[in-house]
Amino acid sequence: MKTMEVLIELKNVKTYYFIPKGLFKTIAVRAVDGVSLTVHRGETVAIVGESGSGKTTLGKTAVRLLEPIAGKIIFEGKDITHLKGDMLWFRRKAQMIFQDPFTSLNPYMTIRQILEEPLIIHKIGDPSEREEIIAKALTEVKLSPPEEFLSKYPHMLSGGQRQKVGIARALVLRPDFIVADEPVSMIDASSRAEILYLLRNIQREYKMGIMYITHDIATTKYFSDNIAVMYLGKIVEFGPTSKVLKNPLHPYTRALMEAVPDPDPSNRFKERKVIPGEPPSPINPPSGCRFHPRCPYATERCKKEEPKFVEVEPDHYVACYLYE
Ligand code: SF4
């Protein structure tokens, strides 16, 4: 991993939302609260956590749909933290695939128009060259023959096909970096594996870096090289996917793994395990270790001091006092 080319580097990034409260006050929602993370070219890093953990905000910050209030984002060696003027350059290189294929496509545009729009914005090719690029992208996402789909509208496609169009729209610009935000959570179970497999193959072919955002840690097994587990705006565990899944260290990671539904159909009526305690709120996060109100191993120290990241085995890091 150390010899791979760094594509994007987040350094102690903080992204807060400020919500008005009354006439003169605002509340800070600390969605991302000091995250450092690197994605290399050709690598997939999965960001795993419950809803409210800040993972979508982190993805939007990485592609600069949101501007961080602190920290640095370095993309291909260039500081893009507060980039304003030359955004078109970065937009071409970094794309986002959204969670909801039902709302992320304009219902009044045909598939051809949806896929041609980014090419026109970025002044790529003449009409016949664009037609070729679009046909290739549709074939790559297994919507073939392309002619069958070009004049259709999104509502004429299944959820899985719509998400494939979303992937094709990201691909037409040949980006170096993609943030895939829960790309399979809203489509039927039968299409999920196919979409992830498709993304994996395309990523390998074009050596893209992918940030794969998911609440379902089980899907990372086939799709990611590294896992970053996020809790209340911070990364609490990071390491190679095989090591994290085989030997989850942080009590929160273990709870996430226990919350995965049993794939055995004979066990489908068993109660699904859930993570104990209140779901997290990024407004006024607890002091010390943020997981302490839900952690069965919490001590007095955990309530006062925030644990540092330590390397427990090669490349496998955790922030928890159990591993000092
Ligand atoms: Fe639990 Fe303490 Fe570890 Fe936090 S630092 S996860 S509260 S044991």
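Residues numbered from 1 in each chain as written. Predicted model: local features only at pLDDT ≥ 70, side-chain atom pairs only at ≥ 80, totals over all residues. Heavy atoms only, no water.

1. As for the overall build of the protein
- Check the secondary structure of the protein and you find 11 helices and 12 strands.
- Along the three orthogonal principal directions, the C-alpha set of the protein runs to about 65 × 55 × 50 Å.
- Within the span of the protein, comprising 324 residues, buried residues form 50% of the whole.
- Taking contacts inside the protein between residues at least 6 apart in sequence as the whole, the part at least 24 apart equals 65%.
- For the protein, the accessible surface area stands at approximately 16,200 Å², while carbon and sulfur atoms represent 55% of it.
- Taken as two groups, the 45 positive and 40 negative side-chain charges of the protein have centres that lie 4 Å from each other. (Helix = DSSP H or I, 4+ residues; strand = E, 2+ residues; numbered from the N terminus. Buried < 20%, exposed > 50% of the residue type's maximum accessible area, 1.4 Å probe, protein only. Contact = heavy atoms within 4.5 Å. Areas by Shrake-Rupley, 256 points an atom, 1.4 Å probe, with all protein chains shown as cover. Lys, Arg positive; Asp, Glu negative; His and termini not counted. Charge placed at Lys NZ, Arg CZ, Asp CG, Glu CD.)

2. Describing the nonpolar core
- One finds Leu115, Val141, Val165, Ile167 and Ile178 to be the most contacted residues of the largest nonpolar core, which totals 52 residues.
- Filtering out sequence-adjacent residues up to four positions away, valine 165 remains in contact with Leu105, Ile111, Ile114, Leu115, Leu143 and Leu157.
- Of all hydrophobic cores here, the second largest spans 29 residues; its members include Leu7, Val35, Leu83 and Ala94. (Core = buried A, V, L, I, M, F, W, Y, C linked by side-chain atoms within 4.5 Å.)

3. Points about the pattern of salt bridges
- Scanning all chains against the criterion turns up 22 salt bridges.
- Note that aspartate 33 and arginine 290 form a salt bridge whose closest N and O atoms lie 2.5 Å from each other. Of the two residues, aspartate 33 is situated in strand E2 (residues 25-40) and arginine 290 in the loop between helix H10 (251-258) and helix H11 (300-304); the sequence distance between them amounts to 257 residues.
- Judged by its relative accessible area of 4%, aspartate 33 is buried.
- The closest approach of N and O atoms between arginine 174 and glutamate 140, which form a salt bridge, is 3.1 Å. In this pair, arginine 174 is assigned in the loop between helix H6 (159-171) and strand E7 (177-181) and glutamate 140 in helix H4 (residues 127-140), connecting sequence segments 34 residues apart.
- Because the salt bridges share partners, they merge into one network encompassing Glu5, Arg41, Glu76, Lys93 and Asp176. (Salt bridge = Lys/Arg side-chain N within 4 Å of Asp/Glu carboxyl O.)

4. Section: the site of the ligand
- Contacts to the ligand come from His250, Pro251, Cys289, His292, Cys295, Tyr297, Ala298, Cys302, Pro307, Cys320, Tyr321 and Leu322.
- Per-class residue counts for the shell around the ligand are 10 nonpolar, two polar and no charged. (Near = heavy atom within 4 Å. Nonpolar A, V, L, I, M, F, W, Y, C, P; charged D, E, K, R; others polar.)

5. Observations regarding the packing of H6 against helix H7 (residues 189-206)
- In the contact formed by H6 and H7, the axes pass within 10 Å of each other and the chain directions differ by 15 degrees. By the angle between their axes, H6 is roughly parallel relative to H7. Note on packing geometry: the crossing formed by H6 with H7 is right-handed. Packed against H6, whose contacting residues are Gly160, Gln163, Lys164, Ile167 and Leu171, the element H7 presents Ser191, Glu194, Ile195, Leu198, Leu199 and Ile202 at the interface.
- Here the residues of the contact of H6 with H7 are counted per class, giving six nonpolar, three polar and two charged. (Axes fitted to C-alpha atoms, helices over the stretch in contact; angles between N-to-C directions. Parallel < 35°, antiparallel > 145°, perpendicular 65-115°, else oblique. Left-handed = near helix turned anticlockwise from the far one by under 90°.)

6. Overview of the packing of aromatic side chains
- A full pass over the atoms with the stated rule returns 10 aromatic pairs.
- Ring centres of tryptophan 89 and phenylalanine 90 lie 6.2 Å apart, and the angle between their planes is 40 degrees; on these two criteria the pair is classed as tilted.
- Within the aromatic cluster, the residues linked to one another by ring pairs are Phe75, Trp89, Phe90 and Phe177.
- Above the face of the tryptophan 89 ring, lysine 78 is positioned so that its terminal group lies 4.4 Å from the ring centre.
- Here the basic side chain of arginine 174 rests over the ring of tyrosine 206, its NZ or CZ set 3.9 Å away from the ring centre. (Phe/Tyr/Trp six-rings, centres within 6.5 Å; stacked < 30°, edge-to-face > 60°. Lys NZ or Arg CZ within 6 Å of the ring centre and 35° of its normal.)

7. Considering the packing of helix H3 (residues 111-121) against H4
- Their axes nearest at 10 Å, the elements H3 and H4 cross at an angle of 120 degrees. In terms of orientation, H3 and H4 fall into the oblique class. Considering only the axes of H3 and H4, their crossing is right-handed. Here Ile111, Arg112, Leu115, Glu116, Leu119 and Ile120 of H3 come into contact with H4, specifically with Arg130, Glu131, Ile133, Ile134 and Leu138.
- Residues that form the contact of H3 with H4 fall into these classes: seven nonpolar, no polar and four charged.

8. Remarks on the sheet that holds strand E6 (residues 94-97)
- As summarised here, the arrangement of the eight strands in space is E6-E7-E8-E3-E9-E10-E12-E11, forming an open sheet in which the pairing is mixed. Both edges of this open sheet fall to E6 and strand E11 (309-313), since each of them pairs with a single strand only. Strand-to-strand twist of the sheet, defined as the mean angle between neighbouring strand axes without regard to direction, takes the value 20 degrees.
- Across two bridges, strand E10 (residues 234-240) lies against strand E12 (residues 316-319) in antiparallel orientation. Directly across from phenylalanine 238, in E12, lies its bridge partner tyrosine 317.
- Docked against the sheet, H6 engages E6 and E7, running at close to 175 degrees with respect to E6.
- H7 contacts strand E3 (44-48), E6, E7 and strand E8 (209-214) of the sheet and is inclined by roughly 160 degrees relative to E8. (Pairing = 2+ DSSP bridges.)

9. Observations regarding the environment of arginine 130
- Counting through the fold element by element, arginine 130 comes out in helix H4.
- Setting aside chain neighbours within four positions, we find arginine 130 in contact with Glu116, Leu119, Ile120, Ile124 and Gly125.

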